[in-house]
Amino acid sequence: MRKILTRGALTLAFLAGPALAAGGGGFKLLDTHFKFEGPLGTYDYAAVQRGFQVYKEKCAACHSMSLLSYRNLRDIGLSEAAVKAIAADVMVDDIDDKGAKVERPGRPSDRFRSPFANEAAARAANNGASPPDLSLIVKARVDGARYVYSLMQGYDDMAKASAADRAIMDGYAKKATGDAKATFAMATGRNFNTHFPGMQIAMPQPLRDGDVTYVDGTKNDLPQLSKDLVSFLAWASEPKMEERKNTGVKVIIFMLILAGLMYAVKRKVWAGVH
Amino acid sequence: MSSSQGAPAFTNPIVKWIDRRLPIFTFMHHEYGVFPTPRNFNYWWSFGGIAMVMLITMIVTGIVLAMNYTPHVDFAFDSVERIMRDVNYGWLLRYLHVNGASFFFIAVFIHIFRGLYYGSYKNPRELLWILGVVILLLMMATAFMGYVLPWGQMSFWGATVITNLFSALPVIGDPIVTLLWGGFSVDNPTLNRFFSLHYLLPFVIVGVVVLHVTAMHVAGSNNPIGIDPKGPQDTLPFSPYYVTKDGFAVVAFLLVYLAFVFFAPDFFGEPENYVKADRLVTPPHIVPEWYFLPFYAILRAVPDKLGGVLAMFGAILVLFVLPWLDTARVRSARFRPIYKWFFWLLVVDCFVLGYCGANPPEGYFIPLSRVATLYYFAHFLVILPVLGKIERPLPLPNSIAESVLGGARK
Amino acid sequence: MATSNKSATADHDHDASRRDFLFVATAATAAVGGASAAWPFISSLNPAADTLALASTEVSLAGIEVGQAIKVMWRGKPVFVRRRTAEEIKEARAVDLKTLPDAGDARSPADDAKRVKAGKDEWLVLVGVCTHLGCIPQGSSTGEIRGDYKGWFCPCHGSHYDTSGRIRKGPAPKNLEVPPYEFVNNGTGLKIG
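Residues numbered from 1 in each chain as written. Chains lettered and ligands numbered in written order. Predicted model: local features only at pLDDT ≥ 70, side-chain atom pairs only at ≥ 80, totals over all residues. Heavy atoms only, no water.

## Observations regarding the overall build of chain A
- Helix and strand counts for chain A stand at 9 helices and 4 strands.
- Listing the helices and strands of chain A from first to last along the sequence gives α-α-α-α-β-β-α-α-α-β-β-α-α.
- Expressed as a percentage of the 274 residues in chain A, the buried residues total 42%.
- Long-range pairs, those at least 24 residues apart, make up 63% of the contacts in chain A between residues at least 6 apart in sequence. (Helix = DSSP H or I, 4+ residues; strand = E, 2+ residues; numbered from the N terminus. Buried < 20%, exposed > 50% of the residue type's maximum accessible area, 1.4 Å probe, protein only. Contact = heavy atoms within 4.5 Å.)

## Some details on the interface of chain C and chain B
- Across the contact, 14 residues belong to chain C and 15 residues belong to chain B.
- Where chain C abuts chain B, roughly 1100 Å² becomes buried across the two surfaces, and 66% of that area is made up of carbon and sulfur atoms.
- Inspection of the region where chain C meets chain B yields 1 salt bridge.
- Taken together, chain C and chain B are joined by 4 residue pairs in polar contact (both at pLDDT 80 or more).
- For the side of chain C that touches chain B, the elements supplying multiple residues, two or more each, are helix H1 (10–43) and helix H2 (49–53) of chain C.
- Taken together, the residues that form the side of chain C that touches chain B break down as 9 nonpolar, 4 polar and 1 charged. (Buried area = accessible area lost by both parts, 1.4 Å probe. Salt bridge = Lys/Arg side-chain N within 4 Å of Asp/Glu carboxyl O. Polar contact = N/O pair within 3.5 Å; in protein donor to acceptor, adjacent residues only side chain to side chain. Nonpolar A, V, L, I, M, F, W, Y, C, P; charged D, E, K, R; others polar.)

## Here we look at the pairing of strand S4 (residues 123–127) of chain C
Residue and element names in this part refer to chain C.
- Burial within S4 is extensive, with 5 of its 5 residues counted as buried.
- Neither face of S4 is left uncovered, since the one carrying Trp123, Val125 and Val127 and the one carrying Leu124 and Leu126 both have all their residues buried.
- Of the strand pairs in this sheet, strand S3 (residues 77–83) and S4 are connected by 5 bridges, and their pairing is antiparallel. Residue pairing for S4: Val81 is matched across the bridge by Val125. (Pairing = 2+ DSSP bridges.)

## Quick word on the environment of Pro229 of chain B
Residue and element names in this part refer to chain B.
- In this structure, Pro229 sits in the loop between helix H9 (188–219) and strand S2 (235–237).
- Considered as a pair, Pro229 and Arg39 are 190 residues apart in the sequence and their alpha carbons are 9.0 Å apart.
- Those residues in contact with Pro229, other than ones at most four positions away along the chain, are Pro38, Asp234, Thr235 and Ile400.

## Some details on the sheet that holds strand S8 (residues 181–184) of chain C
Residues and elements named next belong to chain C.
- Here we have 3 strands laid out as an open sheet, ordered S1-S9-S8, and antiparallel in their pairing. A strand with exactly one partner marks an edge of an open sheet, and here the two such strands are strand S1 (57–60) and S8. The sheet shows a mean angle of 25° between the axes of neighbouring strands, direction not considered.
- Sheet topology note: the S1/strand S9 (residues 189–192) ladder contains 4 bridges and is antiparallel. Along S9, the bridge assignment pairs Val59 with Leu190. (Axes fitted to C-alpha atoms, helices over the stretch in contact; angles between N-to-C directions.)

## Section: the nonpolar core
- Counting residues in each nonpolar core, the largest one holds 140 residues, and the members touching the most others are Leu116, Trp129, Tyr376 and Phe380 of chain B.
- It is helix H10 (residues 238–263) of chain B that provides the largest number of residues to this core, a total of 16 residues.
- Not counting residues within four places of it along the chain, the set of residues in contact with Trp129 of chain B comprises Ile112, Leu116, Tyr121, Leu319, Leu322 and Pro323 of chain B.
- Membership of the second largest hydrophobic core comes to 44 residues, among which are Tyr43, Met65, Tyr70 and Leu78 of chain A. (Core = buried A, V, L, I, M, F, W, Y, C linked by side-chain atoms within 4.5 Å.)

## Observations concerning the confidence of the model for chain B
Residues and elements named next belong to chain B.
- Chain-level pLDDT for chain B is 94 on average; 97% of the residues reach the 70-or-more range.
- The spread of mean pLDDT over the elements of chain B runs between helix H16 (residues 400–405), the lowest at 83, and helix H5 (residues 90–117), the highest at 98.
- In this model, residues 1–5 is a region of pLDDT below 50 whose contacts with residues beyond four sequence positions or in other chains number 9 contacts.
- Both confidence scores are given for the complex: pTM 0.89, ipTM 0.91. (pLDDT = per-residue confidence, 0-100.)

## Some thoughts on the state of the cysteines
- Under the counting rule described, the total for this entry stands at 1 disulfide over all chains.
- Between the sulfur atoms of Cys135 of chain C and its disulfide mate Cys156 of chain C the distance is 2.1 Å. Between Cys135 of chain C and Cys156 of chain C, the disulfide has an S-S torsion of -100° and is therefore left-handed. Taken together, the residues Cys135 of chain C in the loop between S4 and strand S5 (150–154) and Cys156 of chain C in the loop between S5 and strand S6 (159–162) connect sequence positions 21 residues apart.
- Looking at Cys356 of chain B, it has no disulfide partner, and the nearest cysteine sulfur is the one in Cys350 of chain B, 12 Å off. (Disulfide = S-S within 2.5 Å.)

## Remarks on the pattern of salt bridges
- Scanning the model with the defined rule gives 33 salt bridges over all chains in all.
- Between Asp112 of chain C and Arg84 of chain C there is a salt bridge, with its nearest N and O atoms 2.9 Å apart. Of this pair, Asp112 of chain C sits in helix H4 (residues 112–115) while Arg84 of chain C sits in the loop between S3 and helix H3 (86–94); the two residues are 28 residues apart in sequence, bridging distant segments of the chain.
- With a relative accessible area of 1%, Asp112 of chain C lands in the buried category.
- By relative accessible area, which is 1% here, Arg84 of chain C ends up buried.
- The structure contains a network of salt bridges with shared partners spanning Asp31, Glu37, Asp143 and Arg146 of chain A.

## A look at the sheet that holds S4 of chain C
All names here are of chain C.
- Within the open sheet, the 3 strands sit side by side as S2-S3-S4. Their pairing is antiparallel. Single-partner strands in this sheet number two, and they are strand S2 (69–74) and S4. When strand polarity is set aside, the average angle formed by the axes of neighbouring strands in this sheet is 25°.

## With respect to the packing of helix H9 (residues 241–270) of chain A against H10 of chain B
- Taken N-terminus to C-terminus, the directions of H9 of chain A and H10 of chain B make an angle of 165°; their axes are 9 Å apart at the nearest point. Compared by their axis directions, H9 of chain A and H10 of chain B come out roughly antiparallel. Crossing handedness for the pair H9 of chain A and H10 of chain B: left-handed. (Parallel < 35°, antiparallel > 145°, perpendicular 65-115°, else oblique. Left-handed = near helix turned anticlockwise from the far one by under 90°.)

## Regarding the environment of Trp44 of chain B
All names here are of chain B.
- Inspection of the secondary structure assignment puts Trp44 in the loop between strand S1 (36–38) and helix H3 (47–66).
- Here Trp44 falls in the partly exposed class, since its relative accessible area comes to 46%.
- C-alpha separation for the pair Trp44 and Phe343, spaced 299 residues apart in sequence, amounts to 15 Å.
- Once residues lying within four places of it in the same chain are set aside, the contact partners of Trp44 are Ile110, Arg114 and Tyr118.

## Topic: empty space enclosed by the protein
- If you walk through the whole model with that rule in mind, you get 3 cavities of 30 Å³ or more.
- In this structure, the largest cavity is lined by Leu67, Ser69, Arg71, Asn72 and Arg111 of chain A together with Asp78, Glu81, Arg82, Arg85 and Asp86 of chain B.
- When grouped by side-chain class, the residues that make up the lining of the largest cavity number 1 nonpolar, 2 polar and 7 charged.
- When its volume is computed, the second largest cavity comes out at roughly 50 Å³.
- Around the second largest cavity, the lining residues are Lys139, Ser237, Glu238, Pro239 and Lys240 of chain A together with Glu81, Met84, Arg85, Trp91 and Tyr95 of chain B. (1 Å grid on protein atoms, 1.4 Å probe; cavity = no way out; pocket = protein on both sides within 12 Å on 5 of 7 lines; lining within 4 Å. Points joined across faces, edges and corners; volume = space filled by probe spheres on them.)

This is how it looks when you write it as structure tokens:
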């Protein structure tokens with residue numbers, strides 16, 4: 001939907017301008033289809049649950065999701081007992097009756113525990129780049145679902161880049177340095193990723209084929225893991241999406257009927273005038 | 001369906017009792033019931049009423065949102081997300097409000113360009129027009145401050161950039177910016193006062209709208225052929241004719257608005273604003289909301305800081321004197337064969353400015369935005385005054401009734 | 001409108017009734033729409049999901065001696081947890097229920113045996129809000145006035161509650177409410193809500 005709209009808006013270049021400009025050049029995002037896309041798209045909750053497992057096992061050590069609470073996991077189809085168990089697995093900070101700082105097992109009403117005490121700690125532990133919170137990541141990036149999907153699979157061996165890719169990479173370097181002869185070079189501690197703006201990302205490759213084993217036996221190659229993860233992150237970004245679309249269908253149908261009636265009334269009233 | 005101006009005879013005793021002491025029913029009857037309205041309005045005339053509906057929508061959704069919003073830099077972003085996730089129908093209220101701002105501006109921009117095309121700002125409606133420009137200015141201030149409240153990246157950096165505009169003023173610039181911020185950067189005091197003003201200004205807008213509508217009821221509405229009604233045959237009572245026509249227009253407009261609310265709620269938004277404000281990192285590409293883009297382009301088109309700021313404010317201020325810049329006596333562009341073309345050129349020019357404002361100021365956007373800025377001012381300051389003198393208008397019809405019933409409609 | 005004055009032929013009447021039906025249908029549809037549109041606004045005033053999620057509180061009973069009471073927060077209101085002495089229980093049980101001002105209801109029965117969990121007679125758990133006008137009665141902390149009936153005393157308007165939290169004297173109309181609760185962790189903890 002978003003894609004169609006962006007394309008449709010090309011005629012309204014005025015409106016589409018910011019979206020296009022923010023997209024930037026570089027490598028095209030990988031194309032795939034997510035079930036939640038389109039005006040009537042819904043979440044694939046099996047994928048969302050698998051994606052939560054990927055997040056929990058591979059991302060949560062560095063990336064917070066501070067806007068989510070464990071109780072929210074009920075919405076992706078986990079049972080109350082499962083949610084309680086997930087929450088209880090985590091120790092959260094609290095203050096006891098006597099005012100002392102303690103750690104207690106989490107409850108469903110607790111927010112997802114953040115891996116770092118604060119932003120400075122996160123920065124210090126991660127080579128100076130603090131891992132962004134993932135609660136809204138899909139909404140916070142242009143074409144966010146496809147972006148995260150591509151980013152997970154964008155780690156590559158720089159030496160294998162084609163001549164055309166090279167040209168794009170050198171273009172980045174030229175823009176960054178202002179030097180027309182500059183060529184692309186990696187900074188230390190960075191990783192080459194064709195889908196990250198500037199192509200150098202602090203995060204080492206987080207996901208590889210077979211990294212997570214699903215209990216339901218779903219295949220676990222990198223594209224599948226990435227897609228499941230994105231399904232989870234998309235749900236986390238907008239848990240009310242299905243409610244929004246469902247309400248929307250009813251509202252639009254109602255408005256069409258009302259508009260039709262209003263038009264008929266207007267025609268009747270004006271019939272004698274011209 | 002009589003259109004007589006006499007006091008209506010109310011039958012309901014309560015209505016009667018109230019009306020004798022406070023004639024609100026008589027007032028409504030005169031101003032909205034039998035009010036003689038030109039019979040030839042097209043749908044472009046519905047956008048005033050549509051804008052009113054949007055204003056009410058914004059106020060009602062805003063009041064409920066304010067009940068759940070926390071104007072503090074540490075909590076603002078999270079409180080907005082709490083509205084999106086935990087408050088019952090909070091997502092709907094917020095999407096209505098966010099998209100409502102865009103659709104309010106769409107309605108008002110169409111309303112303004114309708115006024116430009118049909119010469120609605122001319123004698124005796126100069127003050128009516130000026131009040132409208134005041135409303136536009138208030139809307140811009142309100143929208144700007146509202147955009148700061150979610151405390152995302154664009155909120156913070158938009159606030160920083162726009163408040164810094166005032167630093168361009170010589171001598172008083174920096175003290176003014178400090179005063180606006182209540183500190184040495186955009187911070188908690190800034191957020192608090194913006195919230196306070198964002199809540200207040202809509203009610204000021206309502207006040208000016210009342211004046212705007214009152215002035216309109218004194219002079220009467222302009223109409224597509226721009227000649228005054230000469231008698232009852234030229235007008236229709238507002239009710240039921242325009243109640244039903246505007247009613248249909250409102251529903252149709254809301255239909256489009258709601259389609260965005262439910263199916264593309266983030267279309268007008270920036271992904272960057274879903275990132276919490278970070279005062280150490282400026283997003284690579286800051287853009288204001290789309291309705292500010294033409295003005296933003298004018299700001300950047302002038303290669304001088306103070307000059308850019310003056311040009312940007314000038315782009316709105318010039319509208320205040322428009323009634324005296326346009327020297328043509330004929331109102332409607334239907335009878336102004338040359339002006340008609342310049343009007344559409346101005347529309348295109350505004351879109352070009354918007355396009356420039358949305359893109360980074362580099363490459364061909366720089367000369368393009370400069371040409372478009374020059375043309376914008378030339379339209380008002382050169383073309384309109386000169387055109388009025390040299391253009392030969394088409395013959396005007398004798399009356400509205402003749403033009404409507406004679407079938408010679410364009 | 002203008003046409004309606006012309007004539008009153010049957011054909012025209014038919015037209016008029018169809019028109020009236022259209023008007024009524026449109027007005028009714030618009031009214032339904034308006035009423036439905038009001039619902040999200042009203043609904044948003046009800047407790048949000050995160051507020052509801054905090055609807056239960058767990059407290060540890062360790063360290064509460066016989067005769068002591070604690071106050072804990074539940075849904076933004078204080079809950080009294082009192083470990084009663086045998087004498088207090090006896091007093092509460094000895095009262096003739098017919099003499100009580102409030103005969104009680106399902107949520108707040110009058111019979112002391114029903115105001116506690118079976119076999120846990122010493123633990124009395126009450127919502128600590130005076131049923132008169134919402135003040136918090138005294139009597140939980142040591143040294144606070146417990147009133148004429150050794151339970152709680154509300155200083156705002158002088159309501160006296162007994163050792164079962166029942167109203168005995170003063171303007172309050174009802175007994176202190178018993179919240180839903182259960183014992184957890186083998187009776188060492190209490191889950192309210």
